[in-house]
Amino acid sequence: MEEIFTDILVIGSGLAGILSALEAEKSGLNILLVSKFAIGMGTNTSMASTFTAANSRFSREDHFRVTMEAGKGLNQLNLVKVLVEKGPEAINRLNDYGIPMVERGMGYVMNRPEDSFQMPGVLWMKRLHERLKTSSIKLLPGLTIFDLVVEEGQVLGAFGFFRDGKPYLVRSKAVILATGGAGAIYQRNDNQKSILGDGYTLALQAGLPLVDLEFVQCYPLVLAEPRLSSVILLGHPKGERLLNEKGEDLAEALGIAGNIHHAVMAERDRLSIFLYEAAQRGDVYYDLTGVSEEAWNRFPLNFLKKSKFPFRERPFLISPAVHFFMGGVEIDEKGMTALPGLFAAGEVVWGVHGANRHGGNAVTECAVFGILAGQSAGEYLRQRQVSQGPLVNPEVLSRRWERKTKAYLRKKRGVFDQPRDLLKELRSLAWKHAGPAREESSLKEGLDALAVLEKRIQRVYPATRSDLFRKRDLESAALLIKSILKGSLLRKESRGSFYRKDYPDKDDQNYLKNTCYRLEKGDIEVTHRPIPKG
Ligand SMILES: Cc1cc2nc3c(=O)[nH]c(=O)nc-3n(C[C@H](O)[C@H](O)[C@H](O)COP(=O)(O)OP(=O)(O)OC[C@H]3O[C@@H](n4cnc5c(N)ncnc54)[C@H](O)[C@@H]3O)c2cc1C
């Protein structure tokens, strides 16, 4: 087993992870940044484009109002205040790191030529990676973290496997969790394939509760052509149409003809649910054949134009798809969790968005709270050096993790299911039973079907190196799907992104509450708790 020592370990190289690492470096400490893949790659950040934050035409009060309106009473007030207050400062930090930002609408976008077809997020990641290369931060792409190391009530590093199958024990004095969301546990999603909610599982296993995991946001228009990536369809030019397989205009049926753009912005959930239910009756198409040449030459259509697929010549299949997780790990205003030594930032965190996320707030959250988590981890270590707590015997720790490695690699005899097929089954179960429209009977059926799948997952053994990682993905995805199903059963109302067909109305009297998920003896326990006073 390889052992590495550092002061602060950052897990994840999306916007939240990179900004927290750069900030923590300013305290003069040793920082190690790890991620599953190449730095900045395989991140949801690389697909994002827009920041919401106060600018010269959009005040902090406006930002606060739209965020709270979307959250439908479940936002964590203290975190929203920080987001709104520090949003513009975080945008300035991006400017400092070589990402030129300009005001646009309710916030900012990267300043780049109109005809550029590169995803803005990819450009941010490239610039930040360049910045990292000139820093003292050590980078270890290819390391997947399987566990946080928790000793005597504090986090002292993490354990994982490198892409070549070698086990690694990273010993650190603090850890920043920036592992993103979990969109890819669903059959229909627009996330990167590897965004499977590892951070949520790591937190649950370390004894932390998760909050409001049942709130999952969908994007209504995502490419669903077989063999093409599930690309999010942005832009909404004049002349776009939504059709069913009979050629009937679905936008007209929903009363949004000529204004799909507005519906995507203001009624995202209603449109997603409508299209989810329409897709159960037959295929749903998006038609761009009536769109002007000028629109095809601008981002984002110029991106589609590069493809060999005849997007301009015929309608193509689309579907709503899971986009963002509102729930996650609880932090304070400085990015600290309840577990000493553990900080968190980005999509893995709960609180800012409440029952739904206002567009553009996710990357602002990553920037604001990534910076704060980096600063507070540095501060935590400075204080800790003054009053250093009891340290664990290093040899005992090594032996313990050697044993754990063997347990992960143990090969048992049994029926062998292909992990790839099992993940496919899990994903379609999630979409069918915990998708945009949920109801009691289907949620219960989902839990029964999941129990059968869980038994099959238990029997998977790491026959190859990739099976080791796949088994981990399966266990993590199953745990989260079970959580969402259970949490959805408990919430008998509809609110924000959360829709129960059998309880279509918001019920403040009984459900203006946060849902708390805990891992107790290997199973998920779900309870409600009052909204904290912010
Ligand atoms: C298509 C799309 C478009 C979007 N557009 C916008 C937008 O315009 N504006 C907006 O505000 N939001 C947008 N969002 C949401 C936003 O992009 C994400 O919420 C945000 O980028 C998440 O950033 P993050 O740093 O938390 O995580 P990510 O950027 O997702 O990065 C996660 C990192 O964690 C690493 N990781 C995960 N698990 C492990 C593990 N076990 N071990 C090691 N490393 C691990 C991954 O390898 C990766 O490096 C969009 C999302 C999508 C999918």
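These figures come from a predicted structure and were not determined experimentally. (Residues numbered from 1 in each chain as written. Predicted model: local features only at pLDDT ≥ 70, side-chain atom pairs only at ≥ 80, totals over all residues. Heavy atoms only, no water.)

Caption draft 1: Highlighting the sheet that holds strand S14 (residues 241-244). The strand order S13-S16-S15-S14 describes an open sheet built from four strands, whose pairing is antiparallel. Every other strand in the sheet has two partners, leaving strand S13 (216-223) and S14 as the edge strands with one partner each. Averaged over all pairs of adjacent strands, the angle between their axes in this sheet comes to 45°, without regard to strand direction. Judged from the two bridges that link them, strand S15 (residues 284-287) and strand S16 (residues 316-325) form a sheet pairing that is antiparallel. (Pairing = 2+ DSSP bridges. Helix = DSSP H or I, 4+ residues; strand = E, 2+ residues; numbered from the N terminus. Axes fitted to C-alpha atoms, helices over the stretch in contact; angles between N-to-C directions.)

Caption draft 2: Summary view of the nonpolar core. Formed by 116 residues in total, the largest nonpolar core has its most connected members in Ile8, Leu15, Tyr186, Phe325, Phe369 and Leu426. Among the elements that make up this core, the one with the highest residue count is helix H11 (residues 361-386) (eleven residues). In terms of nonpolar packing, the next biggest core, distinct from the first, is built from 31 residues, Leu223, Leu288, Phe311 and Ile318 among them. (Core = buried A, V, L, I, M, F, W, Y, C linked by side-chain atoms within 4.5 Å. Buried < 20%, exposed > 50% of the residue type's maximum accessible area, 1.4 Å probe, protein only.)

Caption draft 3: Representation of the side chain of aspartate 212 in the model. Relative to the assigned elements, aspartate 212 resides in the loop between strand S12 (210-211) and S13. For aspartate 212, which is buried and forms no salt bridge, the nearest opposite charge comes from arginine 491, at a distance of 4.2 Å. Ignoring anything within four residues of it in the chain, the contact list for aspartate 212 reads Leu74, Gly327, Trp350, Arg491, Asn514, Thr515 and Tyr517. (Lys, Arg positive; Asp, Glu negative; His and termini not counted. Salt bridge = Lys/Arg side-chain N within 4 Å of Asp/Glu carboxyl O. Contact = heavy atoms within 4.5 Å.)

Caption draft 4: Seen up close, the packing of aromatic side chains. Scanning all chains against the criterion turns up 17 aromatic pairs. Summarising the aromatic geometry, the rings of phenylalanine 146 and tyrosine 408 are spaced 5.2 Å apart at their centres and angled 85° between planes, so their arrangement reads as edge-to-face. Taken together, the positions of phenylalanine 146 in strand S8 (residues 143-151) and tyrosine 408 in helix H12 (residues 394-409) put the pair 262 residues apart, joining distant regions of the chain. Taken individually, phenylalanine 146 and tyrosine 408 each receive the classification buried, so the pair is uniform in this respect. Each member of the aromatic cluster is reached from another via a ring pair, and the members are Phe146, Phe159, Phe161, Trp401, Tyr408 and Phe469. (Phe/Tyr/Trp six-rings, centres within 6.5 Å; stacked < 30°, edge-to-face > 60°.)

Caption draft 5: View of the environment of serine 476. Assignment of secondary structure puts serine 476 in helix H15 (residues 465-490). A C-alpha to C-alpha distance of 8.5 Å links serine 476 and tyrosine 200, two positions 276 residues apart in sequence. Setting aside anything within four residues of it in sequence, one finds serine 476 in contact with Leu196, Gly197, Asp198 and Thr201.

Caption draft 6: Spotlight on helix H14 (residues 440-458). Counted at 1.5 Å a residue, the expected span for H14 with its 19 residues is 27 Å, and the 27 Å between its end C-alpha atoms agrees. Listed as buried for H14 are Ser442, Leu443, Gly446, Leu450, Leu453 and Ile457. Along the axis of H14, the buried positions cluster into a sector of 85°, meaning they face one direction only. Among the exposed residues of H14, those pointing more than 90 degrees away from its buried face are Asp448, Val452 and Lys455. (Expected span 1.5 Å × (residues − 1). Arc of directions from axis to C-beta.)

Caption draft 7: Quick peek at the pairing of strand S5 (residues 101-104). In this sheet, strand S6 (residues 107-110) lies alongside S5 in antiparallel orientation, the contact comprising four bridges. Bridge pairing links glutamate 103 to tyrosine 108 in S6. Counting the residues between successive antiparallel strands, the hairpin from S5 to S6 contains two residues, one of them, glycine 105, with a positive phi of roughly 50°.

Caption draft 8: Representation of empty space enclosed by the protein. Enumeration according to the criterion identifies one cavity of 30 Å³ or more in this entry. Put simply, the largest cavity is a space of about 50 Å³. Forming the walls of the largest cavity are Val216, Cys218, Asp269, Ser272, Ile273, Pro436 and Ser497. Elements with a minimum of two residues in the lining of the largest cavity: S13 and helix H8 (268-281). In terms of residue count, the dominant contributor to the lining of the largest cavity is H8 (three residues). Per-class residue counts for the lining of the largest cavity are four nonpolar, two polar and one charged. (1 Å grid on protein atoms, 1.4 Å probe; cavity = no way out; pocket = protein on both sides within 12 Å on 5 of 7 lines; lining within 4 Å. Points joined across faces, edges and corners; volume = space filled by probe spheres on them. Nonpolar A, V, L, I, M, F, W, Y, C, P; charged D, E, K, R; others polar.)

Caption draft 9: Region of interest: the site of the ligand. In the vicinity of the ligand lie 36 residues, with Thr45, Thr50, Asp198, Glu347 and Val363 positioned nearest. In this structure, arginine 357 approaches the ligand through a side-chain N or O atom, which is 3.3 Å from a nitrogen atom. Contributions of two or more residues to the shell around the ligand are made by helix H1 (15-25), S8, S16 and H11. Considering each element in turn, the shell around the ligand owes the most residues, four residues, to H11. Considering only residue class, the shell around the ligand consists of 14 nonpolar, 17 polar and five charged. (Near = heavy atom within 4 Å. Polar contact = N/O pair within 3.5 Å; in protein donor to acceptor, adjacent residues only side chain to side chain.)

Caption draft 10: Local environment of the pattern of salt bridges. Inspection of every chain in the model, using the stated rule, returns 37 salt bridges. A salt bridge links glutamate 23 to arginine 93, with the nearest nitrogen and oxygen atoms 2.6 Å apart. Separated by 70 residues along the polypeptide, glutamate 23 in helix H1 and arginine 93 in helix H3 (residues 77-96) bring together distant segments of the chain. Judged on exposure class, the residue glutamate 23 and its partner arginine 93 are both buried. Linking aspartate 287 and arginine 241 is a salt bridge whose minimum nitrogen-to-oxygen distance equals 3.1 Å.

Caption draft 11: Highlighting the packing of helix H5 (residues 198-205) against H15. The contact between H5 and H15 brings their axes to 9 Å, and the two run at 75°. On the basis of their axis angle, the class for H5 and H15 is roughly perpendicular. Contacts from Asp198, Tyr200, Thr201, Leu202, Leu204 and Gln205 in H5 reach Arg472, Ser476, Leu479 and Leu480 in H15. (Parallel < 35°, antiparallel > 145°, perpendicular 65-115°, else oblique.)

Caption draft 12: Spotlight on the sheet that holds S5. If you walk across this open sheet you meet the three strands as S4-S6-S5, and the pairing is antiparallel. Strands at the two margins of the open sheet, each flanked by one partner only, are strand S4 (50-52) and S5. Adjacent strand axes in the sheet meet at a mean angle of 35° when their direction is disregarded. Sheet topology note: the S4/S6 ladder contains three bridges and is antiparallel. Bridge assignment links threonine 52 to a residue of S6, and that residue is glycine 107. Sitting on the sheet, H3 is in contact with S4, S5 and S6, with an inclination near 140° to S5.

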